[in-house]
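Chains, contacts and geometry: an overview
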Amino acid sequence: MKLFLVLATTLLLSGCAHQANEKCGTSPIEIPSAVASKNVLVLGEVHGSAEAPAFIGDLACQFLARGERVNIGLEIPNDGQMRIALYLTSAGKDVDKRALIASPHWQRINGLHDGRTSIAMLDLIERARMLNTNGHNVHVYAIDAVWNDLAPNETRDQVMAKNVRNVVKNDLARKTLILVGNAHSRKSSASWQEEAPMNSLFGELKTVSFNVSYVGGEAWQCRPVSGATKCGVSELGSCRKSSAEPRKMYFSQDAADESHDGFFTLGCITASLPAATLFAK
């Protein structure tokens, strides 16, 4: 399969002009009215694709075009919140991008970039900055836990759920879009999960969750290889452009599937490299 590598911030992109009347992507995302009426949407991705963060950016754009205000929650440790806030008010130049990704989360001195530190994620934050520059109202939040700050008997997903609740309660009227790995977006634990997933821990906060659906392609992932963890481009099945699904969100018709409320479709996916490679010497 041809190797698809996202080497630049092309996802700012999708033909989006970034103006007050901008087009939100190459084609609108099909969103059922029952989905559009929900205030907290949790989307579970396979880390390391270019398309999932772009989907969130275009989804935010569509809600903004309707006059709504939007929160975006990302699987970034919340000690990086100040860097995100500073970037959103910056000019978005290379020096600003370098400052944003200067943290251990983005740099990964052990080399284990698992897809959450991708160029596509950086592009999504830049997308939010540009939308704000053009008169919209987007907040971006780092909702992941800081491993060293976990209290005794506290799980990562518990902290993630708490952080999301704090984001939502600041303004209950805002549309909140959460992008996390699809292990965290589950409504209930799978047999292989030792800890309850984030989306099952929200208590009275009502969410609607969507698992990723794609027809094949590639993603930047970390996998065990011969007793060690290796990160790089992984093939996720053959991908024929003719079989690509339209981008949409829909509710599941499978009553037996209790993991998510529905799916969001990406078609063929492509790998997004670590953002740190943009400024590698």
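These numbers come from a predicted model, not from an experiment.

Some thoughts on the pairing of strand S4 (residues 138-144)
Of all seven residues in S4, six are buried, a share of seventy percent or more. Relative to S4, strand S3 (residues 70-77) runs parallel, the two sharing six bridges. Residue pairing across strands places Gly-73 opposite Tyr-141, the latter belonging to S4.

What to know about empty space enclosed by the protein
One pass over the full model with this rule turns up two cavities of 30 Å³ or more. Of the volumes computed, that of the largest cavity is approximately 60 Å³. Contributing to the lining of the largest cavity are Ile-76, Pro-77, Asp-79, Gly-80, Arg-83, Ile-84, Leu-100, Ser-103, His-105 and Trp-106. Taken together, the residues of the lining of the largest cavity sort by class into five nonpolar, three polar and two charged.

Considering the state of the cysteines
Per the counting criterion, the structure on display carries two disulfides. Here Cys-222 pairs with Cys-231 through a disulfide, and the sulfurs are 1.9 Å apart. In this structure the cystine formed by Cys-222 and Cys-231 twists about its S-S bond by roughly 100°; its chirality is therefore right-handed. According to the relative accessible area criterion, Cys-231 is partly exposed, its value standing at 23%.

What counts, and at which threshold
Residues numbered from 1 in each chain as written. Predicted model: local features only at pLDDT ≥ 70, side-chain atom pairs only at ≥ 80, totals over all residues. Heavy atoms only, no water. Buried < 20%, exposed > 50% of the residue type's maximum accessible area, 1.4 Å probe, protein only. Helix = DSSP H or I, 4+ residues; strand = E, 2+ residues; numbered from the N terminus. Pairing = 2+ DSSP bridges. 1 Å grid on protein atoms, 1.4 Å probe; cavity = no way out; pocket = protein on both sides within 12 Å on 5 of 7 lines; lining within 4 Å. Points joined across faces, edges and corners; volume = space filled by probe spheres on them. Nonpolar A, V, L, I, M, F, W, Y, C, P; charged D, E, K, R; others polar. Disulfide = S-S within 2.5 Å.

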